[in-house]
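# Architecture at a glance
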Amino acid sequence: MTFENNRKLFRLEWESVNAGIIALALIAIIWSIEQFLVQGATLTPDMAIGEMRQLKREAVRFLINLSFASFLVFILPKRILLILFGLSCLMDSGLIAYHRYFHQPLSHFTLTSHLNESVEVAGAFADYFPTKIFLLLGAGMIIKGVLLFQVKRVEKRAKLVDRKIGLVSGVAYLIAVFLLVFYIRPMGELKSWKSTSWFGGIYGYGITWLGESYYLGSNASLLQYANALSEPEREPRPSPISHLDFIGNNHIVVVQCESLSYWASTNMVQEGRQLMPFLNELREASLVIRIEPIHRVGSSDADFCFLTSKFPNGKVTPYKIVGFDYSNALPFLIGKLGYTSHFFHGNRGTFFARREPCQSMGFDDVSFQEELEARGLPRSKWGVFDHDVFSTSSSLLKAAIQPAFHFIISLTTHSPFNFLPAEYASEIHKDSDKLNRYYNSMRYLDDCLNKYYSQLPNGTWLILYGDHGPGFRKEESGLSERVPFIVARKNFRVKQSILYDFNADQFDLLDMSKFFRAELKENVP
């Protein structure tokens, strides 16, 4: 073989090598852009960040994504990469669906600690699954796959060059992350107030999840974190319910209404009739306040907040933190006033790990699905129907010989709003199956509350609030994530306070819990 032939062969080999490098680099860039856009859509800052600072954070995050993607693309075999492309497409779609539902990013603890709850309500995410984005990500996966199989790596020279590029990218990634995590933006601040969103805006999901696992992975760390956040500083404000006298010989009932939006509870008309006629009538004789719900990890945040007057940690279901102090919970306080206290929920006691904490709060009796079924109540598609739970409560109130406090968490109207009895499956909003199911659920809830209210003894105090809204965006349906807080009394008119414009969103559920607790404390001997 002549020198000229050797030179041509060498040049052809390097042209092949360069073409392969370009193809693999394009794959890494496309993959990095996909991750960057999904992170940007879901890891939205939860605090004010200057424009220049935000640009720096995004630049760092993109370079981290690119170096890690380059490491994987240049090192791993094709088959493994194809599997990772598919998993990445599904994971990115799931992150967007979660953010659409909860309006916050998925944390490590939600991913690892709430698997059972997530499986039970998996259908709720179907309405929020980003089909168009999933198809775009799928197209990106196909493009990456086509580019990948254009790369022919037979020569040892080409494979060696690929590995060198991959190793350099991997080393650059590790050095950058090490410097950022331990010196420039220490992740130890996760133990204080910095959130998944804040750190995720720099590192993306993977590193942030590892940081959460390391710094908050033990129960002791989570307990410390939860205690630190449980008493947020707030300016004192006059209570809108200070003029009400709750304590006496009358029962007190608090109902946490699943997915009850403020707008659904107002004078909303569908198909020529009011959606919730009972609540609209009740409002005329009640104190009604529009409040912001407490819904950070799940519905359990709301009942934890109301019963303890503490702010939930936002990382993990509050009831799953062992050792939290419940000695000042509402049932203990109301027990000092001569009330017996009862807790009702149609789901199992293990759902959101409510059983043991509720027993620790001082409830005289707890009735979850297990106890309700033992009473002979039938099992529905998911748990025990709300109307059966309300019926059990009303029967106990009628038979009570001393004032009672009942705390009820409804269940049947949980998204995806397909757990209703068969007779509530009619169409109300024909243009949207999602809205139709939600409106049917609210109609069912209204009927349950109407019948329950009619069976309450005269003078019974009834407090209703939504744990959160349906999660639909206002521009899509006219609904927003504000919920009603209604204070009513059977066969009495509750006077409205004139201190505030109650449609101005000045309060959240934590405020109302503290106001209610303050009224009870005034009567403790």
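Reference entry: report on the structure contained in this document. Since we're looking at a predicted model, the values are computed, not measured. Chains are numbered independently. Their residues run from 1 in the order of the written sequence. Confidence filtering applies because this is a predicted model: local features only for residues at pLDDT of at least 70, side-chain atom pairs given and counted only at 80 or more, and all residues used for totals across whole chains, interfaces and linings. In computing side-chain properties, one takes all heavy atoms of the structure into account and sets aside hydrogens as well as water.

## Quick look at the overall build of the protein chain
A count of helical and extended segments in the protein chain gives 19 helices and ten strands. In the protein chain, buried positions account for 55% of the 525 residues. What makes two residues a contact is simply this: any of their non-hydrogen atoms within 4.5 Å. The long-range share in the protein chain, meaning contacts at least 24 apart out of those at least 6 apart in sequence, stands at 77%. Secondary structure elements are defined from DSSP: runs of H or I of at least 4 residues count as helices, runs of E of at least 2 residues count as strands, and each element is numbered from the N terminus. Throughout, exposure labels follow a simple rule: accessible area from a 1.4 Å probe, protein chains only, divided by the maximum for the residue type, with under 20% read as buried, over 50% as exposed, and the rest as partly exposed.

## Regarding the sheet that holds strand β4 (residues 287–292)
Reading across from one edge, β6-β5-β7-β1-β8-β9-β4-β10 is the order of the eight strands in this open sheet, with mixed pairing throughout. Every other strand in the sheet has two partners, leaving β6 (365–367) and β10 (507–508) as the edge strands with one partner each. A fitted line through C-alpha atoms serves as each axis, taken over the contacting stretch for helices, and the angle formed by two N-to-C directions is quoted from 0 to 180°. The sheet strands contacting helix α12 (residues 300–308) are β1 (252–257), β7 (404–409), β8 (461–466) and β9 (483–489), and the helix crosses β7 at an angle near 160°. Running at roughly 180° to β7, helix α16 (residues 386–399) makes contact with β1, β5 (340–345) and β7 of the sheet. At least two bridges found by DSSP between two strands is the condition for calling them paired.

## What about a nonpolar patch on the surface?
Only residues whose relative accessible area exceeds 30% and that take part in no salt bridge are eligible for patches, with like-charged residues grouped when within 9 Å of each other and nonpolar side chains (Val, Leu, Ile, Met, Phe, Trp, Tyr) grouped when within 5 Å. Where accessible areas are quoted, they stem from the Shrake-Rupley method and a 1.4 Å probe; at the residue level, only the protein chains shown are allowed to cover. What counts as a salt bridge is simple: a side-chain nitrogen of Lys or Arg found within 4 Å of a carboxyl oxygen of Asp or Glu. The grouping of V171, I175, F178, L179, F182, Y183 and I184 at the surface amounts to a nonpolar patch, some 720 Å² of accessible area in total. Looking at the secondary structure, you find I184 in helix α7 (residues 156–184). Given a relative accessible area of 48%, I184 falls into the partly exposed group.

## Describing the pattern of salt bridges
Applying the stated criterion across every chain yields a total of eight salt bridges. Notably, a salt bridge pairs K315 with E212, separated by 3.1 Å at the nearest N-O pair. Pair noted here: K315 is in the loop between α12 and α13 (330–335) and E212 is in helix α8 (residues 196–216), with a separation of 103 residues, a long-range link. Considered together, K315 and E212 belong to a single accessibility category, that of buried residues. With a shortest N-O distance of 2.7 Å, E371 and R355 are connected by a salt bridge. With E371 in helix α15 (residues 369–374) and R355 in helix α14 (residues 355–360), this pair connects stretches of sequence that are 16 residues apart. Ionic contacts of the salt-bridge type, sharing partners, join the residues E231, K310 and K514 into one network.

## Observations regarding the environment of P318
Mapped onto the fold, P318 is located in the loop between α12 and α13. Classification of P318 by relative accessible area gives buried; the value is 3%. For P318 and P357, which are 39 residues apart along the polypeptide, the C-alpha to C-alpha distance reads 9.4 Å. Those residues in contact with P318 that lie beyond four places of it in its chain are S300, D301, F304, P312, N313 and Y326.

## Considering the nonpolar core
Definition of nonpolar core: a set of buried residues of the types Ala, Val, Leu, Ile, Met, Phe, Trp, Tyr and Cys, connected through side-chain atoms within 4.5 Å. Counting residues in each nonpolar core, the largest one holds 70 residues, and the members touching the most others are F246, F407 and F485. Broken down by element, this core gets its largest block of residues, seven residues, from α8. Not counting chain neighbours up to four residues away, the residues in contact with F485 comprise L287, V288, I289, I291, F306, I463, L464, Y465, L509 and M512. Grouped together as the second largest cluster of nonpolar side chains are 41 residues, M268, Y438, C448 and L462 included.

## A look at α8
Expected helix span is given by 1.5 Å per residue-to-residue step, counting one fewer step than there are residues. Between its terminal C-alpha atoms α8 stretches only 12 Å, short of the 30 Å expected from 21 residues at 1.5 Å a residue. Within α8, the axis deviates most sharply at G204, by approximately 125°. Most of α8 sits out of view: 17 of its 21 residues are buried. For a residue, the bend is simply the angle between two axes, fitted respectively to the seven-residue segment ending there and the seven-residue segment starting there.

## A look at empty space enclosed by the protein
Method remark: on a 1 Å grid restricted to protein atoms, a set of points is classed as a cavity if a 1.4 Å probe fits but cannot get out and as a pocket if it is open with protein on both sides within 12 Å along at least five of seven lines; lining residues have an atom within 4 Å of a point. Grid points are joined across faces, edges and corners, and a volume is the space filled by probe spheres set on the points. Following the criterion strictly, the structure yields three cavities of 30 Å³ or more and no others. Here the largest cavity is characterised by a volume of approximately 50 Å³. Along its surface, the largest cavity is lined by E258, S299, H345, F351, R354, W382, I409, S410, L411 and H414. Residues are sorted three ways: Asp, Glu, Lys and Arg are charged, Ala, Val, Leu, Ile, Met, Phe, Trp, Tyr, Cys and Pro are nonpolar, and all the rest, Gly among them, are polar. Split into classes, the residues belonging to the lining of the largest cavity amount to four nonpolar, four polar and two charged.

## Considering the packing of aromatic side chains
Each aromatic ring pair is described using two quantities: the centre-to-centre distance and the angle formed by the ring planes. Each aromatic pair joins two rings of Phe, Tyr and Trp (for Trp, the six-membered one) with centres within 6.5 Å, and gets the label stacked for planes under 30 degrees apart, edge-to-face for over 60, and tilted for any other angle. Throughout the structure, instances matching the rule amount to 33 aromatic pairs. Ring centres of F178 and Y183 lie 5.8 Å apart, and the angle between their planes is 65°; on these two criteria the pair is classed as edge-to-face. A relative accessible area of 59% places Y183 in the exposed class. For the ring pair F343 and F363, a centre distance of 5.4 Å and an interplane angle of 65° mean the geometry is edge-to-face. Of the two residues, F343 is situated in strand β5 and F363 in the loop between α14 and β6; the sequence distance between them amounts to 20 residues. When its relative accessible area of 8% is taken as the criterion, F363 is described as buried. Ring-pair connections join several aromatic residues into one group, and the members of that group are F246, F306, F343, F363, F368, F407, W461, Y465, F485 and F516. The criterion for a charge sitting over a ring is simple: Lys NZ or Arg CZ within 6 Å of the ring centre, and within 35 degrees of the ring normal. For the cation-ring pair, R57 lies above W198, with the distance from its terminal atom to the ring centre recorded as 4.8 Å.

## Points about unusual backbone geometry
A cis amide bond links S415 to the next residue, P416, at an omega of 10°. Tracing the backbone shows P416 in the loop between β7 and α17 (433–455). Not every positive phi belongs to a glycine, and S259 is a case in point at roughly 65°. Structurally, the position occupied by S259 is in the loop between β1 and α10 (262–265). Its relative accessible area of 1% is what places S259 among the buried residues.

## With respect to the pairing of β4
Burial analysis of β4 places five of its six residues in the buried class, which makes it a mostly covered element. Direction of pairing for β4 relative to β9: antiparallel, over a ladder of five bridges. By the bridge assignment for β9, I289 is matched with F485. In the sheet, β4 pairs with β10 via two bridges, with the strands oriented parallel. What sits directly across from I291, in β10, is F507.

## A look at the environment of F278
Mapped onto the elements, F278 comes out in helix α11 (residues 277–283). In this structure the C-alpha to C-alpha distance between F278 and N450, which are 172 residues apart in sequence, comes to 5.8 Å. Not counting chain neighbours up to four residues away, the residues in contact with F278 comprise D446, L449, N450 and Y453.

Distances and angles like these do not, on their own, reveal function.
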